[in-house]
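Chain by chain, the residues run as shown.
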Amino acid sequence: VDLSALARVLEHTPEDMTVTVEAGATLASLQQTLAARRQWLPIDPPNSDRLTLAALLDANASGPRRYGCGTIRDHLIGLRVALAGGRLIRSGGKVVKNVAGYDLMKLFIGARGTLGVIVEATFKLLPLPEAEAFVQCRCETLEVAGSLITAVLDSELTPTVFDLHNDPAGTLVLGFSGPRLAVDWQLA
């Protein structure tokens, strides 16, 4: 289903850190709009310039920042879906604290469009981090990678990105974001 005509930001409330957007918008265009107010949706799946919000939600894609920022499911607070018969339904809301009723919107996340076509979504946002830095370490063996992972988990480090890349030996990648002093401390 081509949703390219449904690509508008319908409501951005910076003081509440929420945004409602049509699902044909690309993630990159949404991030650019939000950045003007120093906010963002803290996910980073590949190809964000081509990835629509509908495709992102259909695939439950999140990217490497899921370790520190959560998944797309964690940031979704409302959804509007077109069902097969043409009826539009809404689940969730436009405010972060919304506890009424069943959380039916979670059924649509990762369903690959089999339950309906996502046409609109409301997300809670985060402030853009002041600083961000990445470090990587190529590991000789998986045992070495496992030891490094254990050392990070047992430390005071709080990485936003925590990935082990599947290259011949394994490369551990850590990303840190937040206030500049905190990022610098973790890098040291």
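One structure accompanies this document, and this report is about it. (Residues numbered from 1 in each chain as written. Predicted model: local features only at pLDDT ≥ 70, side-chain atom pairs only at ≥ 80, totals over all residues. Heavy atoms only, no water.)

Another point: the pattern of salt bridges. Between side chains of opposite charge, a pair can form as their charged atoms come close. Going through the model one piece at a time under the given rule, you end up with 6 salt bridges. Residues arginine 80 and glutamate 120 are paired through a salt bridge, measuring 3.9 Å at the closest nitrogen-oxygen approach. With arginine 80 in strand S4 (residues 76-82) and glutamate 120 in strand S6 (residues 117-124), the pair connects residues that are 40 residues apart, well separated along the chain. Judged by relative accessible area, which is 8%, glutamate 120 ranks as buried. Beyond isolated ion pairs, a larger network of salt bridges with shared partners links Asp44, Arg65 and Glu132. (Salt bridge = Lys/Arg side-chain N within 4 Å of Asp/Glu carboxyl O. Helix = DSSP H or I, 4+ residues; strand = E, 2+ residues; numbered from the N terminus. Buried < 20%, exposed > 50% of the residue type's maximum accessible area, 1.4 Å probe, protein only.)

Along the chain, the position of arginine 65 falls in the loop between helix H2 (53-59) and helix H3 (66-69). The exposure class of arginine 65 is buried, given its relative accessible area of 11%. Among the polar contacts listed, one links the side chain of arginine 65 to the side chain of glutamate 132, at a separation of 2.7 Å. (Polar contact = N/O pair within 3.5 Å; in protein donor to acceptor, adjacent residues only side chain to side chain.)

Moving on: the sheet that holds strand S8 (residues 131-138). In spatial order, the strands read S8-S10-S9; together these 3 strands make up an open sheet with antiparallel pairing. Edge strands, defined here as strands with exactly one partner in the open sheet, are S8 and strand S9 (161-165). With direction set aside, neighbouring strand axes in the sheet form an average angle of 15°. In the packing of helix H6 (residues 142-154) onto the sheet, the strands contacted are S8, S9 and strand S10 (171-178), and the crossing angle to S9 comes to about 175°. Lying on the sheet, helix H7 (residues 180-187) is in contact with S8 and S10; it crosses S10 at an angle near 155°. (Pairing = 2+ DSSP bridges. Axes fitted to C-alpha atoms, helices over the stretch in contact; angles between N-to-C directions. Contact = heavy atoms within 4.5 Å.)

A sheet is described by the order of its strands in space; here 5 strands give the open sequence S1-S2-S6-S4-S5, paired in antiparallel fashion. Where the open sheet ends on each side, the last strands, each with one partner, are strand S1 (9-13) and strand S5 (88-92). Each neighbouring strand pair of the sheet contributes to a mean axis angle of 10°, computed without reference to strand direction. Two elements, strand S2 (residues 18-22) and S6, share 5 bridges in a ladder whose sense is antiparallel. When the bridges of S6 are listed, valine 21 appears paired with alanine 121.

Here we come to the nonpolar core. Nonpolar side chains tend to gather and get buried jointly when the protein is soluble and globular. With 26 residues, the main nonpolar core has Leu41, Leu57, Ile72, Leu76, Leu79 and Phe123 as its most contacted residues. Top element by residues in this core is H2. It accounts for 4 residues. Apart from residues no more than four positions distant in its own chain, phenylalanine 123 is found in contact with Met17, Thr18, Val19, Val21, Leu41, Leu53, Leu57, Ile72, His75, Leu76 and Ile77. Among the nonpolar cores identified, the runner-up in size contains 10 residues, and Cys139, Leu172, Phe176 and Val183 belong to it. (Core = buried A, V, L, I, M, F, W, Y, C linked by side-chain atoms within 4.5 Å.)

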